[in-house]
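So you can see what is in the structure, the chains are spelled out below.
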Amino acid sequence: MGRRAIIVGGGHNGLTCAAYLARAGVAVTVLERRPVLGGACVTEELWPGYRVSRGAYVLSLLRPVIAEELELAKHGLRLLPRVPASITPLPDGRALVLGNEDPREDFAQIERFSRADAEAYRRYEAWLEGIAGALEPLLDEPGPTRRAALVRAGLGLARGPGLRSSLELLFGSARALLERWFESEPLRSTLATDAIIGAFAPPSARGTGYVLFHHVMGLLGGRRGVWAYVAGGMGALAESLAAAARAAGAEIRTGAEAKSILTRGGRACGVTLVTGETLEADLVVSNADPARTAQWLGDARALPQADYRSPVVKLNLALRELPRFRAHGRDLPLTGTIHLGPTDLAGIERAYAEAATGRVPEVPIVELTIPSTVDPSLAPPGRHVASIFAQYAPALPADDARWPELRESFRERALRTVESLAPGFTASIEHMEVLAAPDLERVFGLTGGNIFHGAMHPGRLLRRRARTRVPGLWLCGASTFPGGGVMGAPGRKAALEILA
């Protein structure tokens, strides 16, 4: 009889791990607490006719090898490019529009702010491409710290973009990096959002360079750093992964909430559900973060500790009509991420400093996306769905009595930020959901509301392996190398390591 595995958590990494294990002949059962699969990568009809990517909302980081090996296109995955991909309207009537069909248009856009920056941007993109090309094999190999792979990566960095400058990116601050490369705003502040997204840290903090790099590693349609919408919302990716896992023989159960991980002789041997049902297995794989996994195990010291502070507030919206952002006397496109709020690095630093003292920033960082401009199936005719991903919210415990007031204050300031450049936006909102850190923890099981299962720092990430100190217990979620985002690599790497 072959090995039996239980995967706790039906997020995209858990489903990826299940598909690879099942393809290798392991008898796999996936247990998902909620009635819908995907974890934070999910589509839900929050209001009649409005299908919302409730957590994650855009895709770029999914490893191409996973899409190819699991034949996700055959299982329904379809990506919708966003062109242009990034829109930064400014209070003075100008705008920076990037991610155009023709890269030369990007350079022309930047040249409106600085001719030197337009030239530097070409070199910057080539430099990042060189680093990504050297490090990319680490994302697909079974072990995060396999010596031979690290040596190859180091040699590739030394021959290409340069080892010293690469290490400055991976371990340094995003602010120092961006100020060294560019002289103009809003280019610096627009690029800086990739460095702070989901991180309770200012762009001047060490390690934010890696977060920036992490978010430009994606490769869609042959272009680096391109982000797309998923047709049908982000849950369609989870459904394609689930279809691949089922086709390989995996059993997937929803509404199956874990209560504890069973051990026998110090070894993980099964899972007990809140219903009292017990399932035994040869190994248990947790797609949850280490803190939640340790709770199930009943031993807080058995798994690595992490910083679970979260700066994130997510607003999901149903709109009666589209907002209008104008620049140079014309309406701006709405297909990509609309960057609002601070228009310089100093403004982002101020927002962090306010949150660090327990206050809601006067001007929060706001990323507005309207996927129904590209995928009309998400909303009724003439209507739209939108999301606001904003920060920095104060990092307070989930049970802090100040949360109701802070949530309302953050909602008001985030909407005011949009309204300042798109008058009438607030009046166009028909329905709204506000998810602050306590809500992200309650709905998606994210400790502290941290979307990356703990702060991403390259030094710690390289040590975060799928194997735990408890025999028979593995991790396959975003807490393991190479980290968070909808990339699937932790799930695939966990499966390959288990099979090895």
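Residues numbered from 1 in each chain as written. Predicted model: local features only at pLDDT ≥ 70, side-chain atom pairs only at ≥ 80, totals over all residues. Heavy atoms only, no water.

Novice: Hey, could you go over the sheet that holds strand β19 (residues 337-340) for me, with residue numbers and the actual values?
Specialist: If you trace the seven strands from one edge of the open sheet to the other, you get β7-β6-β19-β20-β21-β16-β22, paired in mixed fashion. Since the sheet does not close on itself, it has two edges, and those belong to β7 (95-98) and β22 (429-435), each with one partner. Mean inter-strand twist for the sheet, computed between neighbouring axes without regard to direction, equals 20 degrees. As paired strands, β19 and strand β20 (residues 365-369) are joined by three bridges and run antiparallel to one another. Bridging from a neighbouring strand, I338 pairs with L368 of β20. (Pairing = 2+ DSSP bridges. Helix = DSSP H or I, 4+ residues; strand = E, 2+ residues; numbered from the N terminus. Axes fitted to C-alpha atoms, helices over the stretch in contact; angles between N-to-C directions.)

Novice: Would you mind going over empty space enclosed by the protein in detail, with residue names and values included?
Specialist: Empty space among the atoms becomes apparent when a probe as large as a water molecule is rolled across them. Inspection of the entire model under this criterion finds three cavities of 30 Å³ or more. In this structure, the largest cavity spans a volume of roughly 80 Å³. R51, V52, S53, Y57, Y229, N316, T369, P371, L378, V385, A386 and S387 are the residues that line the largest cavity. Secondary-structure elements contributing two or more residues to the lining of the largest cavity are β4 (50-53) and β21 (384-391). Considered as a void within the structure, the second largest cavity measures approximately 40 Å³ in volume. Lining the second largest cavity are 11 residues, and of these A466, T480, F481, K493 and E497 sit closest to its centre. (1 Å grid on protein atoms, 1.4 Å probe; cavity = no way out; pocket = protein on both sides within 12 Å on 5 of 7 lines; lining within 4 Å. Points joined across faces, edges and corners; volume = space filled by probe spheres on them.)

Novice: So what's going on with the sheet that holds strand β1 (residues 4-8)? Residues and values would help.
Specialist: If you walk across this open sheet you meet the five strands as β11-β2-β1-β15-β23, and the pairing is parallel. Edge strands, defined here as strands with exactly one partner in the open sheet, are β11 (251-254) and β23 (473-475). Strand-to-strand twist of the sheet, defined as the mean angle between neighbouring strand axes without regard to direction, takes the value 20 degrees. By the bridge criterion, four bridges tie strand β2 (residues 27-32) to β11 in an arrangement that is parallel. Of the residues in β11, the one forming a bridge with L31 is R253. The strands touched by helix α11 (residues 290-297) are β1, β15 (283-286) and β23; relative to β23, the strand with the most contacts, the crossing angle is about 160 degrees. (Contact = heavy atoms within 4.5 Å.)

Novice: Describe the environment of A294, and please don't skip the residues or the numbers.
Specialist: Within the secondary structure, A294 sits in helix α11. Once the C-alpha coordinates of A294 and P304 are considered, the two residues, 10 residues apart in sequence, prove to be 9.1 Å apart. Setting aside anything within four residues of it in sequence, one finds A294 in contact with D299, A300 and L303.

Novice: Which residues make up unusual backbone geometry, and what are the values?
Specialist: Across the junction of V83 and P84, the peptide omega takes the value -5 degrees, indicating a cis bond. Topologically, P84 is positioned in the loop between β5 (79-81) and β6 (86-89). A cis amide bond, omega 10 degrees, links F481 with the succeeding residue P482. By secondary structure assignment, the location of P482 is in the loop between β23 and α16 (489-499). Phi at E71 takes a positive value of approximately 50 degrees, unusual for a residue other than glycine. Within the element layout of this structure, E71 appears in the loop between α2 (64-69) and β5. Positioned with a positive phi, H453 is a non-glycine residue whose angle comes to about 60 degrees. According to the relative accessible area criterion, H453 is buried, its value standing at 9%. (Buried < 20%, exposed > 50% of the residue type's maximum accessible area, 1.4 Å probe, protein only.)

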